[in-house]
Amino acid sequence: SIIEGNYRKRELAPALDLLCTAGVAHKIHYTAAQGIPPGAQIDFDTYKTTLMDVAISQKILGLEAGQWILKPLQMLINKGALVEAFVGQELLAYSDPRQKTQLYYWQRMKKNSTAKVDFIIQQNENIIPIEVKSGPRTTLKSMHMFLDTHQKSPYGIRFSTQNYSIHEKIHSYPLYAIAQVILKDKEMASKALLC
């Protein structure tokens, strides 16, 4: 969103669309997320972008693969963005291959009050907010605010470096369990259809 020069949207939009078509980048659209489907309440002009290949994004930033392998706990400046891109990449990888999957996020749009949930997904008739945390000591104020204002959301999911846990309406999973969470939901939906 911040590029040097006096470029306009009409000049940059086609380039971004080509990157999205190629699968290098992905637009994550804002949604109000008050009901299903979450795509019914998106704002096409409000989105964030992410590179959908964590390895490519790290190479662009100059990170050597050896550093990452030898020192995985090293504090990276962009660790939060890296982990968020990883979760987005995994959500897309385990989505239904027969249809184009769109990622969504939610943000509170009021003055002097910032709140943002990284991803919004639909599980059956429910809207589920997903927060991604790269560090061990993090608060979930945005997640709680979302759950308090969205009746179609019975719980939220946090992916982080912490272990499995459930506290109030927050289900926490380690980062390596993303596939398990997404595939478990699909398995439950398939069983319901067969009954």
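Residues numbered from 1 in each chain as written. Predicted model: local features only at pLDDT ≥ 70, side-chain atom pairs only at ≥ 80, totals over all residues. Heavy atoms only, no water.

Engineer: So what about the nonpolar core? Which residues, and what values?
Structural biologist: By size, the foremost hydrophobic cluster in this structure holds 30 residues, and its most contacted members are Val87, Leu91, Phe119, Ile120, Ile130 and Phe159. Breaking this core down by element, the ones donating at least two residues are strand S1 (25-31), helix H4 (79-93), strand S3 (103-107), strand S4 (116-123), strand S5 (126-132), strand S6 (156-160) and helix H6 (178-194). Those residues in contact with Leu91 that sit more than four places away from it in its chain are Leu103, Phe119, Ile130, Ile178 and Ile182. (Core = buried A, V, L, I, M, F, W, Y, C linked by side-chain atoms within 4.5 Å. Buried < 20%, exposed > 50% of the residue type's maximum accessible area, 1.4 Å probe, protein only. Helix = DSSP H or I, 4+ residues; strand = E, 2+ residues; numbered from the N terminus. Contact = heavy atoms within 4.5 Å.)

Engineer: Lay out helix H5 (residues 141-149) in plain terms, naming residues and giving numbers.
Structural biologist: Ser142, Met143, Phe146 and Leu147 are the residues of H5 that are buried. Each buried residue of H5 lies within a common arc of 135° when the element is viewed along its axis, so the set occupies one face. H5 presents Lys141 and Asp148 as exposed residues on the side facing more than 90 degrees away from its buried surface. The elements touched by buried residues of H5 are S3, S4, S5, S6 and strand S8 (170-174). (Arc of directions from axis to C-beta.)

Engineer: So what about helix H1 (residues 9-21)? Which residues, and what values?
Structural biologist: In this model, H1 (13 residues) spans 18 Å end to end at C-alpha, consistent with the 18 Å of a helix rising 1.5 Å per residue. Positive phi shows up at Gly23, right after H1, with a value of about 85°. (Expected span 1.5 Å × (residues − 1).)

Engineer: Describe the packing of aromatic side chains, with residues and values.
Structural biologist: For the structure shown, the criterion picks out four aromatic pairs. With centroids separated by 6.1 Å and ring planes inclined at 70°, the aromatic side chains of Tyr30 and Tyr105 adopt a geometry described as edge-to-face. Separated by 75 residues along the polypeptide, Tyr30 in strand S1 and Tyr105 in strand S3 bring together distant segments of the chain. Given a relative accessible area of 14%, Tyr30 falls into the buried group. The class for Tyr105 is buried, based on a relative accessible area of 4%. Relative to Tyr173, the ring of Phe159 has its centre 6.1 Å away and its plane inclined at 40°; by these criteria the two rings are tilted. With Phe159 in strand S6 and Tyr173 in strand S8, this residue pair connects regions lying 14 residues apart in the sequence. (Phe/Tyr/Trp six-rings, centres within 6.5 Å; stacked < 30°, edge-to-face > 60°.)

Engineer: How would you summarise the confidence of the model for the protein chain if you had to cite specific residues and measurements?
Structural biologist: Per-residue confidence for the protein chain gives a mean pLDDT of 79; residues scoring 70 or more make up 82%. A low-confidence stretch, residues 188-195 stays under pLDDT 50, and its non-local contacts, those more than four residues away or across chains, total one contact. (pLDDT = per-residue confidence, 0-100.)

Engineer: Help me get a handle on the pairing of S4, residues and values and all.
Structural biologist: With respect to burial, S4 is a largely interior element, six of its eight residues being buried. Relative to S4, S3 is paired through three bridges, and the arrangement is antiparallel. Directly across from Trp106, in S4, lies its bridge partner Val117. Sheet topology places S4 next to S5; five bridges connect them, and they run antiparallel. Looking at the pairing, Phe119 lines up with Ile130 of S5. Following S4, the chain reverses through two residues before pairing antiparallel with S5; Asn124 in that reversal takes a positive phi of roughly 55°. (Pairing = 2+ DSSP bridges.)

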